[in-house]
Amino acid sequence: MAHPQRARLVAVLGARQGSGYLIGPGLVLTAAHVVRGRDPAEVVLPGGGGRQPCRVVWLRYDDRCDAALLRLASDTGGPADGAPPAWGSWAGLEPRPGAVAVGFPHAQRDGSGRLDTEQLLGTLKPATGLVGGRPVLDSAHHAPQGERPWAGLSGAPVFLDGELMGVVRAEPGAWGHGRVELTPSQVLLADPEFRAAVGPDGLTVAPGFEQRLRTALAREWNQVTIFGVTRSSALEDSWPLDLAYLSLELSGGGVQLHEDGQEPLSHRVEDAFAGRRRVLLRGEAGSGKTTLLQWLTTMAARRELPDSLREFQGCLPVLLRLRALARDGAELPGPEEFLHATGSPLAGAPGSAGWMSRRMADGGVLLLIDGIDEAPSGRRRRVREWLGRLLAAYPETRCVVTTRPSAVHEGWLRALDFEELSLLPMGRGDVRAFVDRWHQAARHAAPGRSGRLDQWRQQLTDALDRKPDLARLATNPLMCSLICALNVDRRGYLPADRMSLYDAALDMLLVRRDQERGVAADSEGPSLDRSRQHALLEKLAYWLIRNGQSELTEKQALQQIDRVRPRLGLDTTADDLLRHLLVRSGLLREPAPGAVDFVHRTFQDYLGAQAAVEEGDIPLLVAHAHEDQWEDVLRLAVGHARRRERADLLTGVLDRADQEPSHAHRLRLLAAICLEFAVELDPSIRQRVESALAEVVPPRSAEDAKALAAAGPIVLELLPGPEGLDPVTAHHVVVCATTVGTERAIPLLRRFADHPSQEVRAQLAWAWDRFDRAEYGAQVVARLSHDDGLRFVVRGREDAAFLASLGGRSCVQYQATTGLPGIELLPPDTLNELRLHETVLDEADLALLDRFPQLRRLQLTRCHCPSLAALAATAVRRLLVRESTLRGLEALTGLTALDLWDCAAQPVPGLPRLATLTLDPADRFEPAQLTALTEMADLRLVHLYRGTFPDLGGLVLPQVGELYLTAVTLTPERVAQIPRVFPGLRAVTAWATERLDLLPAQYPVVRP
């Protein structure tokens, strides 16, 4: 079991009352000054039994140490089994959040003076008290009241990540009860007499293992490959993740909390993952799946995840890449093999034995599994069984799994409680942000080219606005990266289609790379021209595809090179040729000693498809067309093929669709999306493909809709209008058309503008950023019916000006980086609801809202603002705050409803007119921070979201008549408070909350 443990917490009664912890059978660790001069002392053990005598077996009280060991008169007290706590330590001076002390302070005594525990959560600060040797634990919460509130906590254990870091010794002055000092464990362990008193069985030491592992993970994964940033060194494509990461948009996951009546169509990663413990993430090749997992790994390792991802906070991330785990058909690893499987240098380090299993048992691991599609299709069932066994053995484990959309069916991991999310194509705003970041990184790598890089950035931004065909290619991070690199490489002259873009990228990596670096062709190994490098890479790529592998062993790679070497007229050894490709091509790498793979699956599929066409393997391509690992290969093969070969390939796929009903839908959809690559095609074949396309229209699901959009503008001619469509199908049609994203989609989308389904119209409003703003605004946005509170998204002044020209809208959502651009243009009397997302604000921005007399509802999500006080002069009556400041909230005396989501715990001020209060998570605030609720005479409804039903301490709220519970964990001891805290309660309304049988019988329970 993890520490601290309830059964080991003791109250110590010596010269004064203190706290302690059973570190072994009958052996209590406490503070020396608590028992100094009082031997024997007494302790009160958990579970009752009254006071028990104990004697002092070791004591040290000086400037550096204030600790003692007590031996109970009987060793039967305390836990009978279970491993003693591991002793932790620290090497550096960095602050360590997530530390916890548990003891019996005076502040927690009840009215009759009875002791109770308090859990002090905060940050361990090793750099404080360096001279005196007294590091501190800074409280993360509001300081208790009273003269000496922490008296009685002396001797309490301090834990971090399950390791015993020290013991509380005193509360320093001048810090407002906001911190306590401790005696660190390393001081105790350095004392020979202490070690002798504890004995060898109680000296399990894990000297900072977790912190060393976190540091190593943060360094390892804080680099991402961005193709073509610079070509100046061997580390040319390594980009710090802090610069590279762009929070993309995701869809899916079912009903979202807090959204009354209107579910958002997409979320940024931080919002989409909020409240989810297990996620299956789908995304096309190059969509950013791996980069997202790297970001989660890095941020979790640093303990810097945003508050919305609290399900993952405190967890140790473990990133497993299935392409590596599936190597050589090896068995998938168990927890104790994770570090070996990832190649961690800390595998087998002191303190690592059994450590991963313990952390997983405690729910302290975030398991990140990258690339279900990278495992051979025949092994995926085994992967699911392995994952199922793992999660059954460690049910508290958090987990994120990624895959390409077609690799596994919908609900593949539903039985393991996974929710599904999908990465969306990048909108115009995200593309512009990516282009800016790419050029920022390039300036950092090549400062001497800053002027020209700025010029090329502007040229590319303009080209993306002017050229719809180019904009259609820039839909994911990989394609955006290639476009940026080629724009610089070709001085602004860019290919117009996907196949030409890939070919130009290979030319850049295989030839121009060395030329611009000034590297002679034979300066490092053999001299190979582009065609020979290309032929060798094709051979390796096609072998991987045919064998359903993601990697080759070095021996396999050498065998393939040896087979093709004579045909290329090369007398160089296979070893030298492979080394040349690894060092110089920019396309191959060594993910582990003795293994070879491509830097990205897209390059492997492109080269392998070309090899398949050149080998004449059209029948083989057709035979595998229904398999997800061959899907992109077949599409690219259509692009590589000559006219006759292309006809044979598409005819073969459609013949199979006619003959095999079980694969018909997938094969027809594949043939349709191949049209993007079919530059020249016999009219009869094109007609047959278009007829097959009609068979998969309208799309059956949102995933089908996005896949169908890959067929390009041709699909727009087949998509039906709204007449006769049910709301779900209408939504799929609109998703498909907005994903195509060309101006040719606008006439179709305009027909859905007055659709009765708000979900359909919300998709149209959200997609504004994917089109020319003026044309889409006039043809679609202006026509959207909005009497039901449809939200209109504003991303800049141009959008605000357009909405103003329409007479304004009642519900507006701002997604601007800074401020509220153009908000002064909106008509004053129309705005009822305003939502601000991820915006940097100042008080002057909020003061602008006083010009809207009908603005009743305001939502702030991850907004940075020094104070909310300026809102006091506005008409806002309901305020929803998520991961944003509460400073100045006390000035908003006119509020009648307040929703606090993922906000830092702090006292809730008295708001005299407040009638409704929502807390998410339910247990974020401590009773002392909610005392002002007793003064709110108008408070009628309390709504608790997620988390555990809170400990409400001594609060009594007779004015509250309704209690709402949403996804709240109920426990008997917490539920027992309800009659005392809410004596006027009339009913409980519950959503997604289990164990409602625990609620007192006198309250009717409503389940909407």
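What you are looking at is a predicted structure, and each value in this text was computed from that prediction instead of being measured.

Conventions and cut-offs
Residues numbered from 1 in each chain as written. Predicted model: local features only at pLDDT ≥ 70, side-chain atom pairs only at ≥ 80, totals over all residues. Heavy atoms only, no water. Helix = DSSP H or I, 4+ residues; strand = E, 2+ residues; numbered from the N terminus. Rg over C-alpha atoms; globule rule 2.2 N^0.38 Å. Buried < 20%, exposed > 50% of the residue type's maximum accessible area, 1.4 Å probe, protein only. Contact = heavy atoms within 4.5 Å. Patch = residues over 30% accessible without salt bridge, like charges linked within 9 Å, V, L, I, M, F, W, Y side chains within 5 Å. Areas by Shrake-Rupley, 256 points an atom, 1.4 Å probe, with all protein chains shown as cover. Salt bridge = Lys/Arg side-chain N within 4 Å of Asp/Glu carboxyl O. Lys, Arg positive; Asp, Glu negative; His and termini not counted. Charge placed at Lys NZ, Arg CZ, Asp CG, Glu CD. pLDDT = per-residue confidence, 0-100. Pairing = 2+ DSSP bridges. Core = buried A, V, L, I, M, F, W, Y, C linked by side-chain atoms within 4.5 Å. Phe/Tyr/Trp six-rings, centres within 6.5 Å; stacked < 30°, edge-to-face > 60°. Lys NZ or Arg CZ within 6 Å of the ring centre and 35° of its normal. Expected span 1.5 Å × (residues − 1). Arc of directions from axis to C-beta. Polar contact = N/O pair within 3.5 Å; in protein donor to acceptor, adjacent residues only side chain to side chain. Axes fitted to C-alpha atoms, helices over the stretch in contact; angles between N-to-C directions.

A. Expanded view of the overall build of the protein chain. Helices and strands together make up the secondary structure of the protein chain, namely 34 helices and 36 strands. Over its C-alpha atoms the protein chain spans a radius of gyration of 32 Å, differing by no more than 12% from the 30 Å that the globule rule assigns to 1008 residues. Each principal axis of the C-alpha distribution contributes one length, and for the protein chain these read about 95 × 75 × 60 Å. Expressed as a percentage of the 1008 residues in the protein chain, the buried residues total 57%. Considering only contacts in the protein chain between residues 6 or more positions apart, those separated by 24 or more positions represent 61%.

B. Main features of a negative patch on the surface. Taken together, the side chains of Asp-462, Asp-465, Asp-772, Glu-775 and Glu-798 make up a negatively charged region of the molecular surface. Tracing the sequence through the fold places Glu-775 in helix α30 (residues 773-779).

C. Structural context of the confidence of the model for the protein chain. Per-residue confidence for the protein chain averages 86 on the pLDDT scale, and 93% of its residues sit at or above 70. Taken together, the stretch residues 513-523 has pLDDT below 50 and engages in 22 contacts with residues farther than four places along the chain or on a different chain.

D. View of the pattern of salt bridges. Across all of its chains, the model carries 67 salt bridges by this definition. Linking Arg-404 and Asp-373 is a salt bridge whose minimum nitrogen-to-oxygen distance equals 3.6 Å. Of this pair, Arg-404 sits in the loop between β21 (398-403) and β22 (419-423) while Asp-373 is found in the loop between β20 (365-370) and α11 (380-393), placing the two residues 31 residues apart along the sequence. Comparing Arg-404 with Asp-373 shows no difference in burial state: the two are buried. Between Arg-532 and Asp-529 there is a salt bridge whose closest N-O contact spans 3.0 Å.

E. Structural detail: the pairing of strand β33 (residues 941-945). Within β33, five of the five residues are buried, which leaves the element mostly enclosed by the surrounding structure. Because side chains alternate across β33, one face comprises the buried residues Leu-941, His-943 and Tyr-945, and the other comprises Val-942 and Leu-944, equally buried. Pairing of strand β32 (residues 916-920) with β33 involves four bridges; the strand directions are parallel. Directly across from Thr-916, in β33, lies its bridge partner Leu-941. Pairing of β33 with strand β34 (residues 962-966), which is carried by five bridges, proceeds in the parallel orientation. Residue pairing across strands places Leu-941 opposite Glu-962, the latter belonging to β34.

F. Region of the structure containing the nonpolar core. By size, the foremost hydrophobic cluster in this structure holds 269 residues, and its most contacted members are Phe-273, Leu-296, Leu-387 and Leu-879. Apart from residues no more than four positions distant in its own chain, Phe-273 is found in contact with Leu-250, Val-279, Leu-292, Leu-296, Leu-309, Phe-312, Val-400 and Leu-421.

G. Inspection of the sheet that holds strand β23 (residues 552-553) at higher detail. The strand order across the open sheet formed by three strands is β23-β25-β24, and the pairing between neighbours is antiparallel. Lying at the two open borders of the sheet, with one neighbouring strand each, are β23 and β24 (588-589). Here β24 runs beside strand β25 (residues 595-598); their pairing, made up of two bridges, is antiparallel. Looking at the pairing, Leu-588 lines up with Phe-598 of β25.

H. Examining the packing of aromatic side chains more closely. For the structure shown, the criterion picks out eight aromatic pairs. Residues Phe-273 and Phe-312 carry aromatic rings whose centres are separated by 6.3 Å and whose planes lie at 75 degrees to one another, so their mutual orientation is edge-to-face. With Phe-273 in the loop between α6 (269-272) and β18 (278-282) and Phe-312 in the loop between α7 (289-302) and β19 (316-321), this pair connects stretches of sequence that are 39 residues apart. Taken as a pair, Phe-273 and Phe-312 share a single burial class, namely buried. Joined through ring pairs, the aromatic side chains of Trp-58, Trp-87 and Phe-194 make up one cluster. Above the ring of Trp-175, the side-chain terminus of Arg-179 is found at 3.6 Å from the ring centroid.

I. Layout of the environment of Leu-72. Residue position: Leu-72 is located in strand β6 (residues 66-72). Classification of Leu-72 as buried rests on a relative accessible area of 3%. Separated by 717 residues in the primary sequence, Leu-72 and Gly-789 place their C-alpha atoms 68 Å from one another.

J. Structural view of α11. Spanning 14 residues, α11 covers 20 Å between terminal C-alpha atoms, matching the ideal 20 Å at 1.5 Å per step. The set of residues buried in α11 consists of Arg-380, Val-383, Trp-386, Leu-387, Gly-388, Leu-390 and Leu-391.

K. Examining helix α13 (residues 450-466) more closely. Counted at 1.5 Å a residue, the expected span for α13 with its 17 residues is 24 Å, and the 24 Å between its end C-alpha atoms agrees. Those residues of α13 that fall on the buried side of the exposure criterion are Leu-453, Trp-456, Leu-460, Thr-461, Ala-463 and Leu-464. Along the axis of α13, the buried positions cluster into a sector of 165 degrees, meaning they face one direction only. For α13, the exposed residues set more than 90 degrees away from the buried face come down to Gly-451 and Arg-466.

L. Region of interest: the side chain of His-640. Relative to the helices and strands, His-640 is located in helix α22 (residues 628-640). Separated by 3.0 Å, the side chain of His-640 and the backbone oxygen of Tyr-606 make a polar contact. When neighbours within four sequence positions are excluded, His-640 is seen to be in contact with Met-499, Tyr-606, Ala-609, Gln-610 and Val-613.

M. The sheet that holds β21, seen in detail. Strand order in the open sheet formed by seven strands is β17-β16-β22-β18-β21-β20-β19, and the pairing between neighbours is mixed. The strands lining the two open edges of the sheet, one partner per strand, are β17 (267-268) and β19. The strands that α11 touches are β18, β19, β20 and β21; relative to β20, the one it contacts most, it runs at about 175 degrees.

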